[in-house]
Amino acid sequence: MSHEEPRIIRVISGYDATATGHWSYCEQIVNAHAGVRSFFYAALELRLCIERLCFEYLALLTYRRRKLSKSELKLYKPKDILKRVNNESPDFKKRMDFLNALLEVNGSCERMKCPDTSWLEKTHGKLGDYLHAYREPPTQEELIRFGEFVKDTLVDLKSYIYPRMSIVDLRPHAQAVFDEYVAGRITLSSLTKRLEIATIPMHLINPPGRTD
């Protein structure tokens, strides 16, 4: 993330209320092997993780231009938040693809995952279903399925949590390449060479005194 990230997505009162924080808490709970009941707390952290992840996208995209509205601050469903994200940045998906191309150029094997609204919404809802009081005691088979679902979701969400790059700020020369890509003048497959140049510090591309 940008070192100038908005205060609203930082640690709150000693509790790491970020998407990464909620994911880490869930991982600790699962790794503690504290019994079936612990999966309910893990499911809560995962649900909060999804809500916070989507909210962080919106906060990062808006904080330099305007404050979040009261209605935006009340949003918690992934579908609703990501709809606002798309309204704020229609080229969001292309920006994520571009950042992944930057990671590749810099030799990283990791990739940022563009939000899958359908999966996030469905998973968020299913986690919520598990957190309601049971009308009848669950069977052992149901509890096992629940635990496996929590563990699988923890793994699947990791690709959203790590790595994290700023989805807002690009160096001026990289921004110029991105603008060409969004405008359709270059394709994603042709970005590699352009980005290799784009990652070179500007003063080396255009040294002082050079006019061409």
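Up top is the structure these notes are about.
Heads up: these notes are all about the structure in this document. (Residues numbered from 1 in each chain as written. Predicted model: local features only at pLDDT ≥ 70, side-chain atom pairs only at ≥ 80, totals over all residues. Heavy atoms only, no water.)

1. Some thoughts on the overall build of the protein chain
Within the protein chain, the regular secondary structure consists of ten helices and zero strands. Starting at the N terminus and walking to the C terminus, you meet the elements of the protein chain as α-α-α-α-α-α-α-α-α-α. Going through the 212 residues of the protein chain one by one, you find that 39% of them count as buried. As displayed, the protein chain has an accessible area near 12,500 Å², and 54% of this comes from carbon and sulfur atoms. (Helix = DSSP H or I, 4+ residues; strand = E, 2+ residues; numbered from the N terminus. Buried < 20%, exposed > 50% of the residue type's maximum accessible area, 1.4 Å probe, protein only. Areas by Shrake-Rupley, 256 points an atom, 1.4 Å probe, with all protein chains shown as cover.)

2. Observations concerning the pattern of salt bridges
For the coordinates displayed, the defined rule picks out ten salt bridges. Residues Arg84 and Glu72 are paired through a salt bridge, measuring 3.4 Å at the closest nitrogen-oxygen approach. Taken as a pair, Arg84 in helix α4 (residues 78-88) and Glu72 in helix α3 (residues 70-73) lie far apart in primary sequence, twelve residues in all. For Arg84, a relative accessible area of 30% corresponds to the partly exposed category. Between Glu148 and Lys151 there is a salt bridge, and its shortest N-O distance comes to 3.2 Å. Taken together, the positions of Glu148 and Lys151, both in helix α7 (residues 140-161) and three residues apart, correspond to about one turn of that helix. The class of Glu148 is partly exposed, set by a relative accessible area of 37%. Within the structure, one salt-bridge network assembled from shared partners comprises Arg65, Arg66, Glu72, Arg84 and Glu88. (Salt bridge = Lys/Arg side-chain N within 4 Å of Asp/Glu carboxyl O.)

3. Focus: the packing of α4 against helix α6 (residues 117-130)
Two elements in contact, α4 and α6, have axes separated by 9 Å at closest approach and are oriented at 155 degrees. As far as their axial angle goes, α6 and α4 are roughly antiparallel. In contact with Pro78, Lys79 and Leu82 of α4, α6 contributes Thr117, Leu120, Glu121 and His124. Of the residues that constitute the contact of α4 with α6, the class distribution is three nonpolar, two polar and two charged. (Axes fitted to C-alpha atoms, helices over the stretch in contact; angles between N-to-C directions. Parallel < 35°, antiparallel > 145°, perpendicular 65-115°, else oblique. Contact = heavy atoms within 4.5 Å. Nonpolar A, V, L, I, M, F, W, Y, C, P; charged D, E, K, R; others polar.)

4. Topic: the packing of aromatic side chains
Counted under the stated rule, the structure contains ten aromatic pairs. Residues Phe39 and Phe146 carry aromatic rings whose centres are separated by 6.4 Å and whose planes lie at 70 degrees to one another, so their mutual orientation is edge-to-face. Remark: Phe146 occurs in helix α7 and Phe39 occurs in helix α2 (residues 38-62); sequence separation between them is 107 residues. By relative accessible area, which is 15% here, Phe39 ends up buried. The buried category is assigned to Phe146, whose relative accessible area is 0%. (Phe/Tyr/Trp six-rings, centres within 6.5 Å; stacked < 30°, edge-to-face > 60°.)

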